[in-house]
Amino acid sequence: MYAIVQIGGHQYKVAENDVLFVDKQNTDDKTVTFDSVLLLKDEKGAVKIGTPVVEGASVTATIVDTVKADKVLVFKKKRRKGYQKLNGHRQVMSQIQIDAISASGSSKKAASKKAAPKKEEAEAKAETSDLKSLTVAELKALASERGLTGYSSMKKAELIEALS
């Protein structure tokens, strides 16, 4: 099983027990979960390609060490002017080891279970988002259908508030 994961703006092909050097991960925990899985291939050979990410897939890794990458030298010179400048830079990297690749992540399921009791709030938000997509003229027509008064001088935000 392998996956292509986006970590810090870079894409990596990872499999279980791989060791990678990625941009520094700022976490207090030793374990990190990456949810932006772009492609997933399981043991059976089935490939799931995300649009842009595979839903529910995640990669769990352990931070082994924090190290510095090789030095990159930047040399600037202007000819015939006596100007020379040499700068060096060492990028801080995290060494991670891939522990598990999951096709169905637990964090997404936990979030959906928490969202289920608040279904009424979700419907109210969906209704207001539907109202936001309407034009002012359509909102005024809807207000007249519902029997609201004074809607002709209202702005779009006021109409949405009155209708929801």
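Refer to the structure above for everything that follows.
All values reported here derive from a predicted model rather than from experimental measurement.

1. Quick notes on the sheet that holds strand S3 (residues 19-23)
Here comes step 1: The strand order S3-S10-S7-S4 describes an open sheet built from four strands, whose pairing is antiparallel. Since the sheet does not close on itself, it has two edges, and those belong to S3 and strand S4 (31-34), each with one partner. Pairs of neighbouring strands in the sheet enclose a mean axial angle of 45°, with direction left out of account.
Here comes step 2: Note that S4 and strand S7 (residues 58-68) share four bridges and pair antiparallel. Residue pairing for S7: Val32 is matched across the bridge by Ala61.

2. Description of the environment of Glu55
Here comes step 1: Here Glu55 shows up in the loop between strand S6 (47-49) and S7.
Here comes step 2: Each C-alpha atom, one on Glu55 and one on Val37, is 8.3 Å from the other, the two residues being 18 residues apart in sequence.

3. Re the sheet that holds S6
Here comes step 1: Across the sheet, four strands lie side by side as S2-S1-S5-S6; this open sheet has antiparallel pairing. Only two strands of the sheet have a single partner each, and these edge strands are strand S2 (10-15) and S6. For this sheet, the mean angle separating the axes of adjacent strands, direction not counted, is 15°.
Here comes step 2: In this structure, strand S1 (residues 2-7) lies alongside strand S5 (residues 37-41), joined through four bridges in antiparallel fashion. Bridge pairing in S5 links Val5 to Val37.

4. Examining the pairing of strand S10 (residues 92-102)
Two faces belong to every sheet, and in a regular strand the side chains alternate between them.
Here comes step 1: Alignment of S3 against S10, held across five bridges, turns out to be antiparallel. Residue Val19 lies in a different strand from S10, and its bridge partner there is Gln97.
Here comes step 2: Strand direction decides the pairing type here: S7 and S10, joined by ten bridges, are antiparallel. Paired with Ile63 across the strands is Ile96, a residue of S10.

5. Regarding the packing of helix H3 (residues 136-146) against helix H4 (residues 156-163)
Here comes step 1: Where H3 meets H4, the closest approach of the two axes is 10 Å, and the angle between their N-to-C directions is 35°. For the crossing formed where H3 meets H4, the hand is left-handed. Along its contact with H3, which presents Val136, Leu139, Lys140, Leu142, Ala143 and Arg146, the element H4 presents Lys156, Leu159, Ile160 and Leu163.
Here comes step 2: Residues of the contact of H3 with H4, tallied by class, amount to seven nonpolar, no polar and three charged.

What counts as what
Residues numbered from 1 in each chain as written. Predicted model: local features only at pLDDT ≥ 70, side-chain atom pairs only at ≥ 80, totals over all residues. Heavy atoms only, no water. Pairing = 2+ DSSP bridges. Helix = DSSP H or I, 4+ residues; strand = E, 2+ residues; numbered from the N terminus. Axes fitted to C-alpha atoms, helices over the stretch in contact; angles between N-to-C directions. Left-handed = near helix turned anticlockwise from the far one by under 90°. Contact = heavy atoms within 4.5 Å. Nonpolar A, V, L, I, M, F, W, Y, C, P; charged D, E, K, R; others polar.

Shape descriptors only; they carry no functional weight alone.
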